[in-house]
Amino acid sequence: MLLIDHYAYNNKLVSVHPGEKCLFFALTISLCLSITSVVASLAVIGLMAGAIVLLAGVPWRFYLKLMLLPGAFLIVGVITLMLTLTREQQGLIWFTGLGPYALGFTSHSLDAGVNLFLRSLGSVSCLYFLSLTTPMSEIVSVLRKLRVPALVVELTTFIYRFIFVLLEVAGKVYVAQSCRLGYKNLSTGFNSLGRLVVSMFLNSYVNSQNVYNALVARCYTGNLPGVEDNRSFSRRNVLLILAVDGLLATGSLYAGGIL
Amino acid sequence: MTNIIEARGLVYIYPNGTSALNNLSLAIKKGQRIALLGANGAGKSTLLLHLNGILRPKKGSIVFQGQAVDYRHRSLLALRKNVGIVFQEPDNQLFTANVLHDITFGPLNLGLTREMALAKSRKAMRETETVSLENKPTHFLSFGQKKRVAIAGVLAMEPQVIIFDEPTAGLDPKMALKIMDLLHQLSEQGKTLIISTHDVDLAYSWADYVYFIKEGSIAGEGTPQELFLRQDLLTACDLYCPWIIEIYRAMINTGLANQNQQVPANKNELLKLINESPVRFNTQRIKAIHNCLG
Ligand SMILES: Nc1ncnc2c1ncn2[C@@H]1O[C@H](COP(=O)(O)OP(=O)(O)O)[C@@H](O)[C@H]1O
Ligand SMILES: [Mg+2]
């Protein structure tokens, strides 16, 4: 979490207009979700990996680790989806017998599974692109420009900020507990964790009042005005994005035999 | 000179029944450097929240430039525009991850245009030396940096009165000195400054008028040079004697200075007093001073 956030502020694409990055993200993820072909998904995964590692300069080891996280979940999920349990063994390309039943894959379920797996991974890599190259406050400013309701925008602003405040407090409480051997074994560990959660609740309650006071002290009247940066879109980048995504769309439609 | 802000007979009781202010009155003149001193829990922070209209007294009133605050929306906004408050805990004050967004928050709330708000924010950032932090998220800043951003957020609104609740608490000595330098600068610009602290040395050499607060009311007020000489009052308010006063006393007791001389207001004046002392130091005198200081 913290490291993703670190790269969001320290990458080679940070000065690029957030709108352009959001455009690239939105176009690519919709392509990835709408075109069901292995080629398209693979192309998206490759494209995003290239953009993240080569253009943004995020270390490939770190990116690989990030991809392994959802990858592992996806593999387990997709395998259970692909398996079919039937009485008839014909149509199964691989199976093990379980008494009168057979557990295995059909060629159709195998196809669907691989497709789903790659499509999900492609979408995840799009999300990683956005969160590894664009600071949250810039995403919020794009949301504001898109006329997303103010409530959502403000909640996002506050939640994002206070995640880190809470993390810091939780970290301090945890260290203080560990120093007094609060986590020396499982039972004290559970006990300490419970206390930590309770103290976080109380802390948040008291702090929310203080935060509100501080906002009101600066004439808060219920809305957060934003200072949008008036960087303008670079025409070159927008054209490049459109070209890349256009190429991706035609290429994968062609490879999928639709064109 | 006229009073810029006054508190008249404030009484405040927290919802849980804690009586925090007890018929407290004070009157602050334009351009003064005020220090409120008192032990933890004396009611300093509660008082400061009243001066900016965040808490509403059960009894009594706040008077700003001769007009009593009536707690309607308009008059509250007018008060808060003119009385800024820098809270003790910067994490409570910074509400967004973006430094510039946070600093422009106040000026934009005042209805300034984007350009004006940015211009004032940039000026405040130069004064607080936070220009280089503009593109850093607030959660990666150090405590001292957060504090300075929080101060910039208040300065950008250009209030006439600026309140600092424990401005140096939690800062290292160098950063504390920097903040005090900033306070001096602000004072020279003609701002009225109010700080709360329990650091007697800081208050002694910085303030031109001090209030001692004890259990929610004023236990004493005056210039630091007269008030800090009253040992009984200091003891009653759980405050220490500033070291400058201790040295001054020791000098009087050992004959290095006499009672008619002016009480030194800061370190430099004390050094001057020592240099001009008619009596030269010798080992015996130094021993006597040692004994005096215990
Ligand atoms: N939110 C609150 N709810 C209830 N009691 C409070 C609250 N804040 C402060 N108090 C109480 O009010 C008294 C004055 O506190 P405070 O103004 O914070 O003192 P100081 O800033 O001088 O340390 C204390 O007894 C404190 O316990
Ligand atoms: Mg306090």
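The rules behind the values
Residues numbered from 1 in each chain as written. Chains lettered and ligands numbered in written order. Predicted model: local features only at pLDDT ≥ 70, side-chain atom pairs only at ≥ 80, totals over all residues. Heavy atoms only, no water. Helix = DSSP H or I, 4+ residues; strand = E, 2+ residues; numbered from the N terminus. Contact = heavy atoms within 4.5 Å. Areas by Shrake-Rupley, 256 points an atom, 1.4 Å probe, with all protein chains shown as cover. Lys, Arg positive; Asp, Glu negative; His and termini not counted. Charge placed at Lys NZ, Arg CZ, Asp CG, Glu CD. Core = buried A, V, L, I, M, F, W, Y, C linked by side-chain atoms within 4.5 Å. Buried < 20%, exposed > 50% of the residue type's maximum accessible area, 1.4 Å probe, protein only. Buried area = accessible area lost by both parts, 1.4 Å probe. Salt bridge = Lys/Arg side-chain N within 4 Å of Asp/Glu carboxyl O. Polar contact = N/O pair within 3.5 Å; in protein donor to acceptor, adjacent residues only side chain to side chain. Pairing = 2+ DSSP bridges. Axes fitted to C-alpha atoms, helices over the stretch in contact; angles between N-to-C directions. Parallel < 35°, antiparallel > 145°, perpendicular 65-115°, else oblique. Left-handed = near helix turned anticlockwise from the far one by under 90°. Patch = residues over 30% accessible without salt bridge, like charges linked within 9 Å, V, L, I, M, F, W, Y side chains within 5 Å. Near = heavy atom within 4 Å. Nonpolar A, V, L, I, M, F, W, Y, C, P; charged D, E, K, R; others polar.

Caption draft 1: Seen up close, the overall build of chain A. Across its full length, chain A holds 9 helices and 3 strands. Starting at the N terminus and walking to the C terminus, you meet the elements of chain A as α-α-α-α-β-β-β-α-α-α-α-α. Expressed as lengths along the three principal axes of its C-alpha atoms, the size of chain A is roughly 70 × 60 × 35 Å. In chain A, 69% of the contacts between residues at least 6 apart in sequence involve partners at least 24 apart. For chain A, the computed accessible surface area is about 14,800 Å², with 71% contributed by carbon and sulfur atoms. Averaged over its 18 positive side-chain charges, chain A has a centre that lies 9 Å from the centre of its 10 negative ones.

Caption draft 2: Layout of the nonpolar core. If you look at the biggest cluster of nonpolar residues, it comprises 61 residues, and the most contacted ones within it are Leu-37, Phe-164, Phe-212 and Phe-228 of chain B. The greatest single-element share of this core, amounting to 7 residues, is contributed by helix H7 (residues 173-188) of chain B. Listed in part, the 36 residues of the second largest apolar core include Ile-29, Ile-35, Leu-74 and Cys-126 of chain A.

Caption draft 3: Region of the structure containing the interface of chain B and chain A. The interface of chain B with chain A comprises 37 residues on the first partner and 34 residues on the second. A buried area of about 2,900 Å², summed over both sides, lies between chain B and chain A, and 63% of it is on carbon and sulfur atoms. Ionic pairing is found between Asp-102 of chain B and Arg-218 of chain A, a salt bridge with its closest N-O pair at 3.0 Å. The tally of links from chain B across to chain A stands at 7 residue pairs in polar contact (both at pLDDT 80 or more). Listed by contribution, the elements that provide at least two residues to the side of chain B that touches chain A are helix H2 (73-82), helix H3 (90-93), helix H4 (99-109), helix H5 (114-127) and helix H6 (143-155) of chain B. Ranked by residue count, the leading element in the side of chain B that touches chain A is H4 of chain B, at 8 residues.

Caption draft 4: Up close: the sheet that holds strand S1 (residues 84-86) of chain A. All names here are of chain A. Strand order in the open sheet made by the 3 strands is S1-S3-S2, with antiparallel pairing throughout. Taken across any chain shown, the strands that pair with only one partner, and hence form the sheet edges, are S1 and strand S2 (92-98). Recorded for the sheet is a direction-independent mean angle of 30° between the axes of neighbouring strands. By the bridge criterion, 6 bridges tie S2 to strand S3 (residues 101-106) in an arrangement that is antiparallel. From the neighbouring strand, Gly-97 faces S3, where its bridge partner is Ala-102. This element, helix H5 (residues 107-133), spans S2 and S3 of the sheet and lies at about 55° to S3.

Caption draft 5: Structural view of the environment of Val-124 of chain A. Residues and elements named next belong to chain A. Structurally, Val-124 is set in helix H5. For the pair Val-124 and Thr-221, spaced 97 residues apart in sequence, the C-alpha to C-alpha distance is 38 Å. Those residues in contact with Val-124, other than ones at most four positions away along the chain, are Met-67 and Pro-70.

Caption draft 6: Structural context of the pattern of salt bridges. Here the structure, examined in full by the defined rule, presents 13 salt bridges over all chains. A salt bridge links Arg-161 of chain A to Asp-91 of chain B; the shortest N-O distance between them is 2.7 Å. Note that Arg-161 of chain A is positioned in helix H7 (residues 150-179) and Asp-91 of chain B in helix H3, a pairing that runs across two chains. Here the two residues Arg-161 of chain A and Asp-91 of chain B agree in accessibility, since each one is buried.

Caption draft 7: Molecular detail of the packing of helix H3 (residues 38-55) of chain A against H5 of chain A. Residue and element names in this part refer to chain A. Between H3 and H5, the shortest axis-to-axis distance is 8 Å and the interhelical angle comes to 25°. The pairing of H3 with H5 is recorded here as roughly parallel in orientation. As for the relative orientation of H3 and H5, their crossing is left-handed in sense. Side by side, H3 and H5 meet where Val-38, Ser-41, Leu-42, Val-44, Ile-45, Met-48, Ala-51 and Ile-52 of the first sit next to Asn-115, Leu-118, Arg-119, Leu-121, Gly-122, Ser-125, Cys-126, Tyr-128, Phe-129 and Leu-132 of the second.

Caption draft 8: Structural detail: a nonpolar patch on the surface. Where nonpolar side chains cluster on the molecular surface, the patch consists of Leu-2, Leu-151, Val-152, Leu-155, Ile-159, Ile-163 and Leu-167 of chain A together with Phe-140 of chain B and spans about 700 Å² of accessible area. Ranked by the residues each element gives to the nonpolar patch, the list is headed by H7 of chain A, at 6 residues. Tracing the sequence through the fold places Leu-167 of chain A in helix H7. Under the relative-accessibility criterion, Leu-167 of chain A is labelled partly exposed at 41%.

Caption draft 9: Inspection of the sheet that holds strand S9 (residues 209-214) of chain B at higher detail. All names here are of chain B. Spatially, S6-S7-S8-S3-S9-S10 is the arrangement adopted by the 6 strands of the open sheet, whose pairing is mixed. Every interior strand has two partners, whereas the edge strands, strand S6 (83-86) and strand S10 (217-222), have only one. Neighbour-to-neighbour, the strand axes of this sheet turn through a mean angle of 20°, independent of strand direction. In this structure, strand S3 (residues 33-37) lies alongside S9, joined through 4 bridges in parallel fashion. In the strand pairing of S9, Leu-36 is matched with Tyr-211.

Caption draft 10: Spotlight on the site of ligand 1. Residue and element names in this part refer to chain B. In the vicinity of ligand 1, the contacting residues are Tyr-14, Asn-16, Thr-18, Ala-20, Ala-39, Asn-40, Gly-41, Ala-42, Gly-43, Lys-44, Ser-45 and Thr-46. Within the side chain of Tyr-14, a nitrogen or oxygen atom sits 3.5 Å from a nitrogen atom of ligand 1. Here an oxygen atom of ligand 1 and a backbone polar atom of Gly-41 are 2.7 Å apart. With the chains in place, 63% of the 560 Å² that ligand 1 exposes on its own is no longer accessible. Of the residues assigned to the shell around ligand 1, the class counts are 4 nonpolar, 7 polar and 1 charged.

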